[in-house]
Amino acid sequence: MFPQLLQRFRARLVGHIDGPLLTITLILMVFGLATVYSATYDANNRALSQLLNMTLGLAVMWAVAQLPPQKLMRFAVPLYVLGVILLVLVYLVGVKVNGARRWLPLGFIRIQPSEILKIAVPLMLAWYFHKYEAALKFRHYAIAGLLLIIPFALIAKQPDLGTAILVGAAGFYVIFFAGLPWKVIIGMVIAGASAAPFVWTMLHDYQRKRILTLIDPTTDPLGSGYHIIQSTIAIGSGGSFGKGWLEGTQTHLEFIPERHTDFIFAVFSEERGLLGNSILVILYLLLIARGLMITANASTLFARVLGGSITLSFFTYAFVNMGMVSGILPVVGVPLPFMSYGGTALVTLFLGLGILMSIHSHRMLVKK
């Protein structure tokens, strides 16, 4: 009797958890926790706080993994509508911090509604395409584009270009996996390139500075170019094998800005070197490959487009963060998945993992 109860408990605990995804994520979490501890060595309560955030994230991942994709669809419309309403409220009554209005005060706590849209937008678009799967026409792609543009514009207006890019990318991936014709994609690229001069005039001064600094950061070494200069010095000083954990001089002399959040890759590179970076890249590639395998075997259009969007969003996070820290992309404030210190953003990543596990586990249950 007891062995049967134990087996049932184990099945309940890990029955919907995908082993490869969890293993890769746990390794990234260990790397991230060690690097956050090193980056905040003089105030290492951040490492404890990060551990609590990770624990909460794992709990959210487990809870979401228990839900079948059909139940996830029920949250699509209300979550999207709630997210857009909260973005409008941010614009009207939001708290302004460092020149950006991104936070909404709710009594004793402040929330960042744009984080909700990282999941709400792909969930909404996946539901929309699933609903009209039998007769998809060009107008459906146009309406989907409108559903994406609304939150993208509201987030970019805050301004929060980094989060706007992530939300826009997640939504575009859904539309792409739903069968957006290549001629439309090529036309959008041409139109985007043609509109570049107009977009340039709409950018904030600090955003234009970031792009110009990317070309030559030495033009403003103590201002807009400081981040890129210091992060590239840290990456280069790591050499082949790194200086060792807690031994990074750029880190502990506080030359690297935002070293526990957006620029944590520079801290990791200085301590672990090229070898550590190679391992980190391989881990992200394995995470993405596993997500794409789950996506390819999904049983419904909703699951396929949602799983594909979440997986490629992980790629976007990693690519943009490593690119901006390495000086090949403008600094836009994108965290490194499961490595950067964070609360809401980290839980959002685990929520995405939970959805992938839900798609995989419930498909396996159907097959049995």
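Our structure is the block above this text.
Cut-off values and rules
Residues numbered from 1 in each chain as written. Predicted model: local features only at pLDDT ≥ 70, side-chain atom pairs only at ≥ 80, totals over all residues. Heavy atoms only, no water. 1 Å grid on protein atoms, 1.4 Å probe; cavity = no way out; pocket = protein on both sides within 12 Å on 5 of 7 lines; lining within 4 Å. Points joined across faces, edges and corners; volume = space filled by probe spheres on them. Helix = DSSP H or I, 4+ residues; strand = E, 2+ residues; numbered from the N terminus. Nonpolar A, V, L, I, M, F, W, Y, C, P; charged D, E, K, R; others polar. Salt bridge = Lys/Arg side-chain N within 4 Å of Asp/Glu carboxyl O. Buried < 20%, exposed > 50% of the residue type's maximum accessible area, 1.4 Å probe, protein only. Pairing = 2+ DSSP bridges. Axes fitted to C-alpha atoms, helices over the stretch in contact; angles between N-to-C directions. Contact = heavy atoms within 4.5 Å.

Asks: Describe empty space enclosed by the protein, with residues and values.
Replies: Per the counting criterion, the structure on display carries one cavity of 30 Å³ or more. What the largest cavity holds in volume is close to 130 Å³. As for the largest cavity, its lining consists of 13 residues, and the residues nearest its centre are Lys118, Ile119, Ser313, Tyr317 and Thr348. Residue contributions to the lining of the largest cavity peak at five residues, all from helix H15 (residues 301-326). Here the lining of the largest cavity is composed, by residue class, of eight nonpolar, four polar and one charged.

Asks: If you had to explain the pattern of salt bridges to someone new, which residues and values would you point to?
Replies: Any two side chains of opposite charge can pair, given that their charged atoms come close. Inspection of the entire model under this criterion finds four salt bridges. In this structure, Glu270 engages Lys243 in a salt bridge whose closest nitrogen and oxygen atoms are separated by 3.0 Å. Here Glu270 is found in helix H14 (residues 264-296), whereas its partner Lys243 is found in the loop between helix H12 (226-237) and helix H13 (249-252), with 27 residues between them in sequence. The class of Lys243 is partly exposed, set by a relative accessible area of 31%.

Asks: Give me the lowdown on unusual backbone geometry, citing residues and values where you can.
Replies: Generally, phi is negative for residues other than glycine and the peptide bonds are trans, each holding for most cases. Residue Leu246 is not a glycine yet carries a positive backbone phi of 70 degrees. In this structure, Leu246 sits in the loop between H12 and H13. Positioned with a positive phi, Glu254 is a non-glycine residue whose angle comes to about 65 degrees. Looking at where Glu254 falls in the secondary structure, it is placed in the loop between H13 and H14. You can call Glu254 partly exposed: its relative accessible area is 47%.

Asks: Can you tell me about the sheet that holds strand E1 (residues 95-97), naming the residues and giving the values?
Replies: Taken in spatial order, the three strands line up as E1-E2-E3 in an open sheet, and their pairing is antiparallel. The sheet is open, and its two edges are formed by E1 and strand E3 (109-111), each paired on a single side. Here the strands of the sheet are splayed against their neighbours by 45 degrees on average, with no regard to which way each runs. Two strands pair when backbone bridges link them, and strand E2 (residues 100-106) and E3 are joined in this way by three bridges, in the antiparallel orientation. Bridge pairing links Leu104 to Ile111 in E3. Packing of helix H5 (residues 76-93) onto the sheet brings it into contact with E1, E2 and E3, and relative to E2 it is tilted by some 105 degrees.

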